[in-house]
Amino acid sequence: MTDVQTGRVLAMVSRMLQPRVILELGTFTGYGTLCLLEGLSTEGILHTVERNDELFPIQDQHWGRHPRAEAIRRHHGQALDILADWPEGHPIDLAYIDADKQGILAQFDALLPLMAEGGWLVFDNTWWGGSLETAEGPKAASLRALNQRLQHDDALSTVILPVGDGLSVVRKA
Ligand SMILES: C[S@@+](CC[C@H](N)C(=O)[O-])C[C@H]1O[C@@H](n2cnc3c(N)ncnc32)[C@H](O)[C@@H]1O
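The structure displayed is predicted, hence computed values, not measured ones.

(A) Quick peek at the site of the ligand. Neighbouring the ligand are 17 residues; Thr2, Gly26, Glu50, Asp98 and Asp100 lie closest to it. Contact between the ligand and Glu50: an oxygen atom at 2.6 Å from a side-chain N or O atom of the residue. In this structure, Ala79 approaches the ligand through a main-chain N or O atom, which is 2.9 Å from a nitrogen atom. Taking 600 Å² as the accessible area of the ligand by itself, protein coverage stands at 89%. Grouping the constituent residues of the shell around the ligand by class yields six nonpolar, six polar and five charged.

Right, here's the structure in full:
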């Protein structure tokens, strides 16, 4: 779940970039979607992916009266399946990765070739409120593995912002 501080940073990043194509992995109640929508360029599209369709009525309630709700494309399914079917010639300018943490490395691998040159990826939970290094369990292990990858990839520029659970902001060179 995206907390309010993280949501404000997402909105600010989106406003700075004014992306034409945004992708969110993990919609939940649709709060992060609304934050990202703030900077979407005119004519832009915001894709968001959620595997649990029981959440759709809640999302509809939250998005329903937004003046740009028609710019949101909701995809029902597993993040990796949606990425595998991504249309050619539709590069992603800004991606917010906030689905299952165990799948985060596979999602990153699938996503990177779909990103625009100079595109931006934002990962949630990558600092775990400051305790990631000692945290136990598969989610923490996946996030540590992601941080290692991001740190050692010369084709990327990465900064971790200590906002909420931690937000990694990554630029694809
Ligand atoms: C942390 S919540 C997302 C929070 C949301 N981005 C927000 O701003 O509040 C994670 C969501 O991702 C969904 N999810 C988890 N793994 C997924 C996957 N592999 N594919 C699609 N959706 C997934 C969950 O059902 C859940 O609704």
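(B) Fine view of the packing of helix 5 (residues 104–111) against helix 6 (residues 138–152). Two numbers describe how helix 5 lies on helix 6: the axes approach to 9 Å, and their chain directions differ by 35°. Between helix 5 and helix 6, the contacting residues are Ile104, Leu105, Phe108 and Asp109 on the first element and Ser142, Leu143, Ala145, Leu146, Arg149 and Leu150 on the second. Split by residue class, the contact of helix 5 with helix 6 holds seven nonpolar, one polar and two charged.

(C) Structural detail: the side chain of Thr6. Within the secondary structure, Thr6 is located in helix 1 (residues 4–17). Of note is the side chain of Thr6, whose polar atom sits 2.8 Å from the side chain of Asp3.

(D) Broad picture of the pattern of salt bridges. Applying the stated rule across the entire model yields seven salt bridges. As a salt-bridge pair, Glu38 and Arg15 come within 3.1 Å of each other at their nearest N and O atoms. Taken together, the residues span a long stretch of sequence, with Glu38 in the loop between helix 2 (31–37) and strand 2 (45–50) and Arg15 in helix 1 at a distance of 23 residues. Glu38 sits in the partly exposed class, given a relative accessible area of 30%. Note that Arg20 is salt-bridged to Asp93, the shortest N-O span being 3.6 Å. In this pair, Arg20 sits in the loop between helix 1 and strand 1 (21–25) while Asp93 sits in strand 4 (residues 92–97), placing the two residues 73 residues apart along the sequence. Several salt bridges converge on common partners, so that one network encompasses Arg8, Arg15 and Glu38.

Thresholds applied
Residues numbered from 1 in each chain as written. Predicted model: local features only at pLDDT ≥ 70, side-chain atom pairs only at ≥ 80, totals over all residues. Heavy atoms only, no water. Near = heavy atom within 4 Å. Polar contact = N/O pair within 3.5 Å; in protein donor to acceptor, adjacent residues only side chain to side chain. Areas by Shrake-Rupley, 256 points an atom, 1.4 Å probe, with all protein chains shown as cover. Nonpolar A, V, L, I, M, F, W, Y, C, P; charged D, E, K, R; others polar. Axes fitted to C-alpha atoms, helices over the stretch in contact; angles between N-to-C directions. Helix = DSSP H or I, 4+ residues; strand = E, 2+ residues; numbered from the N terminus. Contact = heavy atoms within 4.5 Å. Salt bridge = Lys/Arg side-chain N within 4 Å of Asp/Glu carboxyl O. Buried < 20%, exposed > 50% of the residue type's maximum accessible area, 1.4 Å probe, protein only.

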